[in-house]
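# Commentary on secondary and tertiary structure
The lines below spell out each chain.
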Protein chains: 4
Amino acid sequence: MKKGVMRAGHVQIRVLDMDEAVSHYKQRMGLLETHREGDRVFFKGWTECEKYSVILREADSAGMDFMGFKVDSDARLDELHADLIEHGLEVDELPAGDLPDCGRRMSFLAPTGHRFELYAEKEVTGRHGVGHHNPEAWPEDLVGMKATRFDHCLFHGEDLDGVYDIFVNVLGFWLTEQAMAGEERVAQFFTCSMKEHEIAFIKAEGNTGAFHHASFHLETWQDVLHAADIISMHDISLDIGPTRHGLTHGATIYFFDPSGNRNETFCGGDYFFPDHPVVTWDADKLGKAVFYHSRELNERFLTVTT
Amino acid sequence: MKKGVMRAGHVQIRVLDMDEAVSHYKQRMGLLETHREGDRVFFKGWTECEKYSVILREADSAGMDFMGFKVDSDARLDELHADLIEHGLEVDELPAGDLPDCGRRMSFLAPTGHRFELYAEKEVTGRHGVGHHNPEAWPEDLVGMKATRFDHCLFHGEDLDGVYDIFVNVLGFWLTEQAMAGEERVAQFFTCSMKEHEIAFIKAEGNTGAFHHASFHLETWQDVLHAADIISMHDISLDIGPTRHGLTHGATIYFFDPSGNRNETFCGGDYFFPDHPVVTWDADKLGKAVFYHSRELNERFLTVTT
Amino acid sequence: MKKGVMRAGHVQIRVLDMDEAVSHYKQRMGLLETHREGDRVFFKGWTECEKYSVILREADSAGMDFMGFKVDSDARLDELHADLIEHGLEVDELPAGDLPDCGRRMSFLAPTGHRFELYAEKEVTGRHGVGHHNPEAWPEDLVGMKATRFDHCLFHGEDLDGVYDIFVNVLGFWLTEQAMAGEERVAQFFTCSMKEHEIAFIKAEGNTGAFHHASFHLETWQDVLHAADIISMHDISLDIGPTRHGLTHGATIYFFDPSGNRNETFCGGDYFFPDHPVVTWDADKLGKAVFYHSRELNERFLTVTT
Amino acid sequence: MKKGVMRAGHVQIRVLDMDEAVSHYKQRMGLLETHREGDRVFFKGWTECEKYSVILREADSAGMDFMGFKVDSDARLDELHADLIEHGLEVDELPAGDLPDCGRRMSFLAPTGHRFELYAEKEVTGRHGVGHHNPEAWPEDLVGMKATRFDHCLFHGEDLDGVYDIFVNVLGFWLTEQAMAGEERVAQFFTCSMKEHEIAFIKAEGNTGAFHHASFHLETWQDVLHAADIISMHDISLDIGPTRHGLTHGATIYFFDPSGNRNETFCGGDYFFPDHPVVTWDADKLGKAVFYHSRELNERFLTVTT
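Here the structure is a predicted model, which means the values were calculated and not measured. (Residues numbered from 1 in each chain as written. Chains lettered and ligands numbered in written order. Predicted model: local features only at pLDDT ≥ 70, side-chain atom pairs only at ≥ 80, totals over all residues. Heavy atoms only, no water.)

Glancing now at the overall build of chain A. Along the backbone of chain A there are five helices and 17 strands. For 306 residues, the compact-globule formula gives about 19 Å, and the C-alpha radius of gyration of chain A, at 18 Å, lands near that figure. Within chain A, the fraction of its 306 residues that count as buried is 67%. Relative to all contacts within chain A whose residues are 6 or more apart in sequence, the contacts with residues 24 or more apart total 67%. For chain A, the accessible surface area stands at approximately 9700 Å², while carbon and sulfur atoms represent 45% of it. Positive and negative charge centroids in chain A, built from 29 and 52 side chains respectively, lie 3 Å apart. (Helix = DSSP H or I, 4+ residues; strand = E, 2+ residues; numbered from the N terminus. Rg over C-alpha atoms; globule rule 2.2 N^0.38 Å. Buried < 20%, exposed > 50% of the residue type's maximum accessible area, 1.4 Å probe, protein only. Contact = heavy atoms within 4.5 Å. Areas by Shrake-Rupley, 256 points an atom, 1.4 Å probe, with all protein chains shown as cover. Lys, Arg positive; Asp, Glu negative; His and termini not counted. Charge placed at Lys NZ, Arg CZ, Asp CG, Glu CD.)

With 21 residues of chain B in contact, the opposing surface of chain C contributes 21 residues. Each partner contributes to the roughly 1800 Å² buried at the junction of chain B and chain C, and carbon and sulfur atoms together form 49% of this total. Scanning the region where chain B abuts chain C turns up four salt bridges. Across the pair Arg295 of chain B and Asp235 of chain C runs a salt bridge whose closest N-O atoms are separated by 3.1 Å. Scanning the region where chain B abuts chain C turns up 13 residue pairs in polar contact (both at pLDDT 80 or more). Secondary structure elements with two or more residues in the side of chain B that touches chain C: helix 4 (221–233) and strand 14 (238–244) of chain B. Partitioned by chemical class, the residues of the side of chain B that touches chain C number nine nonpolar, seven polar and five charged. (Buried area = accessible area lost by both parts, 1.4 Å probe. Salt bridge = Lys/Arg side-chain N within 4 Å of Asp/Glu carboxyl O. Polar contact = N/O pair within 3.5 Å; in protein donor to acceptor, adjacent residues only side chain to side chain. Nonpolar A, V, L, I, M, F, W, Y, C, P; charged D, E, K, R; others polar.)

Our next topic: the sheet that holds strand 15 (residues 251–256) of chain C. Residues and elements named next belong to chain C. With mixed pairing, nine strands are arranged side by side in an open sheet as 14-15-16-13-9-12-11-10-17. Edge positions in the open sheet fall to strand 14 (238–244) and strand 17 (279–282), since each of these has one partner strand only. Taking each pair of neighbouring strands and ignoring which way they run, the sheet shows an average axis angle of 15 degrees. In this structure, strand 9 (residues 149–157) lies alongside strand 13 (residues 211–217), joined through six bridges in antiparallel fashion. If you follow Phe150 over to strand 13, its bridge partner there is Phe216. Contacting strand 14, strand 15 and strand 16 (262–267), helix 4 (residues 221–233) crosses the sheet at an angle of about 20 degrees to strand 15. (Pairing = 2+ DSSP bridges. Axes fitted to C-alpha atoms, helices over the stretch in contact; angles between N-to-C directions.)

Let's shift gears to the interface of chain B and chain A. Listed by partner, the interface residues are 40 residues for chain B and 40 residues for chain A. The tally of links from chain B across to chain A stands at eight salt bridges. The salt bridge involving Glu136 of chain B is made with Lys288 of chain A; its shortest N-O contact spans 2.9 Å. In this assembly, chain B and chain A are joined by 30 residue pairs in polar contact (both at pLDDT 80 or more).

Further remarks concern the environment of Leu94 of chain A. Residue and element names in this part refer to chain A. Turning to its location among the elements, Leu94 is positioned in strand 6 (residues 91–94). Judged by its relative accessible area of 23%, Leu94 is partly exposed. The spacing of Leu94 and Lys288 is 194 residues in sequence and 42 Å in space, taken between C-alpha atoms. Sequence-distant contacts of Leu94, that is, excluding residues within four places in its chain, are made with Arg104, Arg105, Ser107 and Glu117.

This part is about helix 1 (residues 18–28) of chain B. Residue and element names in this part refer to chain B. All buried positions along helix 1 are accounted for by Met18, Ala21, Val22, His24, Tyr25 and Arg28. Between a side-chain oxygen at the N-terminus of helix 1 and the backbone nitrogen of Asp19 the separation is 3.1 Å; the capping residue is Asp17. Looking at the residues trailing helix 1, positive phi occurs at Gly30, about 85 degrees.

Taken as a whole, this structure holds 116 salt bridges over all chains when the rule is applied. The salt bridge partner of Glu93 of chain B is Arg104 of chain B, with a shortest N-O separation of 3.1 Å. Residue Glu93 of chain B is found in strand 6 (residues 91–94), and its partner Arg104 of chain B is found in the loop between strand 6 and strand 7 (105–109); the two are separated by eleven residues along the sequence. The network of salt bridges with common partners includes Arg7, Glu50, Lys70 and Lys122 of chain A together with Asp275 of chain B.

So, about a negative patch on the surface. Residue and element names in this part refer to chain A. Taken together, the side chains of Asp17, Asp19, Glu20, Asp39, Glu58 and Asp60 define an acidic patch exposed on the protein surface. Tracing the backbone through its elements, the reader meets Asp19 in helix 1 (residues 18–28). A relative accessible area of 61% places Asp19 in the exposed class. (Patch = residues over 30% accessible without salt bridge, like charges linked within 9 Å, V, L, I, M, F, W, Y side chains within 5 Å.)

A separate point is the relation of the copies chain B and chain A. At an RMSD of 0.0 Å, chain B and chain A line up after a rotation of 180 degrees and a shift of 0.0 Å along the axis. Such a combination of turn and shift is consistent with a two-fold rotation axis. Taken together, the interface assignments show that 100% of the residues at the interface of chain B recur at the interface of chain A, consistent with an identical surface on both copies. (Least-squares fit on C-alpha atoms with pLDDT ≥ 70 in both.)

Attention now moves to the relation of the copies chain B and chain C. Overlay of chain B on chain C (RMSD 0.0 Å): rotation 180 degrees, translation along the axis 0.0 Å. Taken as a fraction of all interface residues of chain B, those also at the interface in chain C reach 100%, which identifies the copy contact as same-surface.

It is worth spelling out the nonpolar core at this point. Ranked by size, the top nonpolar core spans 180 residues in total, and within it Met67, Phe167 and Leu171 of chain B together with Met67, Phe167 and Leu171 of chain C carry the most contacts. The residues touching Phe167 of chain C, leaving out its near neighbours within four places in the chain, are Phe69, Phe116, Gly172, Phe173, Phe190, Ile199 and Phe201 of chain C. Membership of the second largest hydrophobic core comes to 146 residues, among which are Trp138 of chain B together with Phe43, Leu89 and Phe216 of chain D. (Core = buried A, V, L, I, M, F, W, Y, C linked by side-chain atoms within 4.5 Å.)

Now for the environment of Val15 of chain C. As for its placement among the helices and strands, Val15 of chain C is situated in strand 1 (residues 5–15). Discounting chain neighbours no more than four positions away, the residues touching Val15 of chain C are Ala21, Leu56, Arg57, Glu58, Ala59, Asp257, Ser259 and Asn261 of chain C.

This brings us to the packing of helix 4 of chain B against helix 4 of chain C. Here helix 4 of chain B crosses helix 4 of chain C at 90 degrees, and the two axes come no closer than 9 Å. Classified by the angle between their axes, helix 4 of chain B and helix 4 of chain C sit roughly perpendicular to one another. In this structure, helix 4 of chain B uses Trp221, Gln222 and Leu225 of chain B to contact helix 4 of chain C, whose residues at the interface are Trp221, Gln222 and Leu225 of chain C. Its residues assigned to classes, the contact of helix 4 of chain B with helix 4 of chain C shows four nonpolar, two polar and no charged. (Parallel < 35°, antiparallel > 145°, perpendicular 65-115°, else oblique.)

Before going further, it helps to examine the pairing of strand 14 of chain B. Residue and element names in this part refer to chain B. Taken across its seven residues, strand 14 has seven buried, putting it largely inside the fold. Relative to strand 15 (residues 251–256), strand 14 runs antiparallel, the two sharing four bridges. Within strand 15, the position partnered with Ile240 by the bridge is Tyr254. Counting the residues that bridge the hairpin from strand 14 to strand 15 gives six residues, and of these Thr248 lies at a positive phi of roughly 75 degrees.

Residues and elements named next belong to chain B. Here the structure, examined in full by the defined rule, presents 86 aromatic pairs over all chains. Centroid distance Phe116 to Phe201: 6.2 Å. Interplanar angle 85 degrees. Geometry classified as edge-to-face. Of the two residues, Phe116 is situated in strand 8 (residues 115–119) and Phe201 in strand 12 (residues 199–203); the sequence distance between them amounts to 85 residues. With respect to burial, Phe116 and Phe201 carry one shared label: buried. (Phe/Tyr/Trp six-rings, centres within 6.5 Å; stacked < 30°, edge-to-face > 60°.)

This paragraph deals with unusual backbone geometry. The linkage connecting Gly241 of chain A with the following residue, Pro242 of chain A, adopts the cis geometry, with an omega of 0 degrees. Along the chain, Pro242 of chain A falls in strand 14 (residues 238–244). In this structure, Lys146 of chain D is a non-glycine residue whose phi angle is positive, near 55 degrees. Among the structural elements, Lys146 of chain D can be located in the loop between strand 8 (115–119) and strand 9 (149–157).

Taken as a whole and judged by the stated rule, the model has zero disulfides over all chains. The thiol of Cys102 of chain B is unpaired, and the distance to the nearest cysteine sulfur, on Cys49 of chain B, comes to 16 Å. Cys102 of chain B sits in the buried class, given a relative accessible area of 4%. Here Cys267 of chain C stays unpaired: no disulfide links it, and the sulfur of Cys267 of chain D, its closest cysteine neighbor, is 11 Å away. (Disulfide = S-S within 2.5 Å.)

Time to look at the sheet that holds strand 10 (residues 174–181) of chain D. Residues and elements named next belong to chain D. Ordered in space as 14-15-16-13-9-12-11-10-17, the nine strands form an open sheet in which the pairing is mixed. Looking along the sheet, the strands with just one partner apiece sit at the ends: strand 14 (238–244) and strand 17 (279–282). Sheet twist, expressed as the average angle between the axes of neighbouring strands with direction ignored, equals 15 degrees. Strands in contact with helix 4 (residues 221–233) are strand 14, strand 15 (251–256) and strand 16 (262–267); relative to strand 15, the strand with the most contacts, it is inclined by about 20 degrees.

Now the structure itself:
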């Protein structure tokens with residue numbers, strides 16, 4: 001947190017069929033449905049203190065509507081608003097309540113075609129089931145993969161330098177890991193916390209808002225196995241895993257929600273402090289950097305929703 | 001990181017016999033000996049990027065000499081220096097090199113009798129064995145408990161309000177967890193990162209610098225079991241565990257180094273963001289708050305080195 | 001399986017209050033209630049193929065009524081019946097149906113005061129939830145500790161030579177592990193399978209049928225932690241753990257059901273083949289042999305129900 | 001153990017380059033080299049009590065020379081010898097010492113082209129590093145994947161009925177799991193212990209002694225991840241995994257030794273008692289039966305050494 005941006009706070013994902021999607025995110029991923037409003041359904045992982053972090057919206061195409069980052073105060077929101085404008089971006093200020101139980105949001109379109117936003121206030125409802133007064137270790141009512149939290153997103157895009165500028169120079173994120181093809185950065189991972197990434201971009205043609213995956217944290221590698229089992233038990237479309245990433249070293253599975261949006265559940269991996277050297281992977285080792293065990297990109301890796 | 005303090009960066013511990021101590025911290029805990037200078041031996045965990053985090057000094061009594069926190073810039077060091085003085089503390093500025101490969105340090109005695117210090121520069125040598133260029137998942141030369149990093153310290157002291165003031169109001173830490181006896185705070189956990197605690201204090205009589213334990217992070221609960229096995233194989237004095245804490249919910253073992261200093265190795269537990277509500281345990285549940293499974297303090301819990 | 005005895009097949013335990021007991025074994029231990037008949041309630045773990053393995057009977061005192069071993073054929077039952085009688089034991093033949101869905105049983109009182117029985121037939125209902133046709137990895141409806149099976153019992157008794165004779169010489173069990181005080185065997189573990197023990201005895205005064213614990217298998221050390229958490233969440237009386245045994249090296253927790261009968265849930269540990277040397281612990285290391293990490297017997301270790 | 005066959009006791013594997021092979025099985029798999037004799041090198045896993053279980057022989061082609069099963073007595077060896085001959089097999093009696101520290105062996109060629117043998121005696125050297133007197137939990141000198149034992153082999157062959165007859169009807173194994181294409185058994189798993197398989201066959205054209213893999217047991221799913229990491233760190237050819245099998249439900253990785261022989265390291269999975277119903281997978285679900293998560297056979301699945 002260099003300029004007051006705290007973490008990836010929420011993501012709004014488009015789904016083709018809400019009933020199927022709710023069943024997937026709730027029964028399979030184990031997220032908690034917190035409420036519904038209009039055509040949207042809201043979820044969180046059990047360790048998250050804010051009211052919600054995942055928003056599903058029924059639409060004709062899958063993909064991501066926007067991803068929001070929480071900042072540490074309302075004053076900071078104004079500062080960063082000014083900084084974004086100075087950087088040359090158009091910023092839309094959305095009023096408090098436009099997103100339920102959430103304060104005003106500063107929304108902008110990144111040069112990769114992704115819409116991001118900042119916000120400073122959202123209702124804090126505390127950890128599910130255990131609360132904050134003599135809290136037990138975990139709630140007993142969890143189901144499915146027992147995802148603990150929405151963790152980060154990975155996007156594909158062409159203008160990696162453009163989003164580097166915004167995240168590092170304007171919003172105060174740190175570059176934690178990168179893949180380099182000679183002098184060109186073809187993968188870049190950013191954080192504003194101790195997590196090895198809050199957001200990441202991989203080079204691909206077209207600045208069309210390509211959505212690679214939203215990622216959810218699991219407690220242990222045992223939980224990753226159980227998540228893979230659940231994928232099989234319920235005939236969910238598996239992309240790859242269980243395996244490990246080279247980048248961040250998280251232990252992971254990729255799979256698809258019923259609308260074709262890729263999900264990740266993962267555990268472990270490296271952590272970040274601002275004095276850590278940037279981790280660099282050579283692009284000719286990108287296979288190992290992405291899928292550490294197979295050491296090659298699978299053919300589905302380029303599949304995205306937009 | 002609200003005012004630029006990044007993390008618990010190092011701790012200097014007094015030991016009665018250096019050979020025995022080196023064998024314990026190196027062969028049993030699995031820390032890496034980085035170098036020796038004068039009467040001191042320096043160590044780090046394999047995931048730590050700075051050159052060292054643990055310093056052992058041979059002396060006639062066990063205990064802690066000082067604990068240091070890293071700040072994010074040299075300018076910040078001067079700001080915090082001024083803030084500490086304004087708060088009424090005497091601050092000694094120790095020159096760069098006084099601690100090898102470390103920049104100048106601002107040292108002060110807290111009202112609980114513990115000496116703390118801030119520093120902004122220390123040589124960064126990177127992750128042991130894997131480095132930062134196409135890094136493998138972990139190094140194969142680790143031994144013993146394979147401690148990944150020095151994580152935090154817990155102290156006993158009387159003037160909890162005094163150190164609260166320093167850590168929260170002067171240094172910008174957050175209070176993450178507490179135990180309350182009515183209106184009185186009898187345990188307080190502080191962080192400046194996403195870790196649930198970088199430092200913690202428990203109420204006890206006397207402001208004598210009582211050192212409860214230095215804690216080291218392990219990757220998994222499997223590693224906690226192996227650590228307990230190693231304790232038994234090598235006839236190390238066990239305090240308690242494997243078990244879980246109620247406070248922070250980390251999974252833990254307490255044991256003693258050959259000089260009687262308590263060590264902790266732990267994994268997991270809760271994480272922190274600045275918008276998380278403070279966790280409060282009632283003092284009449286302190287047994288469960290400290291040792292979640294047995295739900296009672298053991299008689300050794302009050303044993304400290306000073 | 002040297003003389004056709006396959007495994008520990010069931011145990012009947014007396015409880016003081018059936019409602020509390022059912023809640024404990026079902027909601028906390030995660031056993032499945034299979035049916036009720038008269039004053040008895042029947043349970044099994046989800047991996048067990050027979051209809052039930054644990055029988056609770058409401059009574060005025062806690063303790064064990066009997067433990068049954070399954071043999072591999074009806075003919076074998078007659079052979080072993082004859083062998084037991086030749087050994088000088090009184091054997092009661094209980095007719096099929098006396099225990100529901102179970103064939104005839106040969107019951108005898110061991111010189112330690114424990115009642116054991118052999119049976120060859122019990123209804124096989126298969127693995128819970130997954131069955132035997134294209135079986136999924138595990139059922140999703142498990143609760144609490146998710147005990148996978150009734151595993152073994154440990155008893156206290158004086159005439160250890162007497163039961164050694166019966167189990168080893170008459171029933172064809174192997175001695176797998178023992179603790180020796182000079183020439184005297186003070187602990188003896190027997191198996192008829194690959195499990196390191198199907199039944200075990202520890203020397204204690206009085207041949208009164210003292211019941212130390214019934215043990216239930218968990219899949220992983222992660223499950224042992226979760227079991228300990230559940231013990232704490234529901235204020236179950238903990239004896240000791242999570243820890244490891246020296247004998248068998250299983251990772252374990254001991255706790256008490258609401259009637260005061262000790263339960264164990266454990267995972268891992270050693271396995272047996274008939275050519276394995278007997279493992280011997282010296283009695284002066286009995287603390288470590290029983291509780292590998294603390295290396296001392298706790299004061300409750302001698303507590304039994306009879 | 002119905003007719004005295006105890007377990008899969010050893011396997012002799014042909015390798016193209018002994019130095020590379022020793023490095024693989026010793027440094028990577030973590031087997032212990034026990035001795036060398038002539039052109040052969042002998043290994044065991046640390047939990048195995050016999051002197052060795054894996055024999056490597058340098059040759060011009062990879063593949064398996066023979067797999068041996070231990071029986072419980074010398075008398076039993078003669079009985080089974082007679083039974084094999086009566087079944088119509090040619091049995092070669094190899095004298096004691098032909099295989100070092102091993103008694104006489106009864107060797108026969110199965111109709112699938114695989115050579116199997118029975119033996120009753122081999123030097124018992126006990127568990128590596130811990131022994132059988134006050135044994136510690138595990139030895140600290142293990143390296144690489146820390147394979148605990150040679151566990152089982154899987155073969156391809158055409159005459160599945162022929163080997164069924166030998167293993168079930170002559171040697172007293174049980175059929176534990178199978179895949180059925182209508183009335184035809186296309187996969188069959190056999191055991192003589194509590195392990196879900198000591199040996200298995202999958203239908204494939206040609207009775208040429210096709211060797212699919214030798215399998216080695218790991219303690220935990222954490223160890224499976226570490227094994228996969230080691231595969232990647234040392235550029236070992238990965239086949240598939242980490243993943244789970246549907247058949248037996250073991251958690252697994254397949255990879256290749258430097259000569260092209262497939263190895264498996266795995267943990268967990270189902271266990272067997274003689275009253276367990278046979279598990280049946282439908283052949284149209286063979287993908288899921290073999291690779292539970294991807295639910296499809298990979299193209300390398302048919303690759304074997306002969």
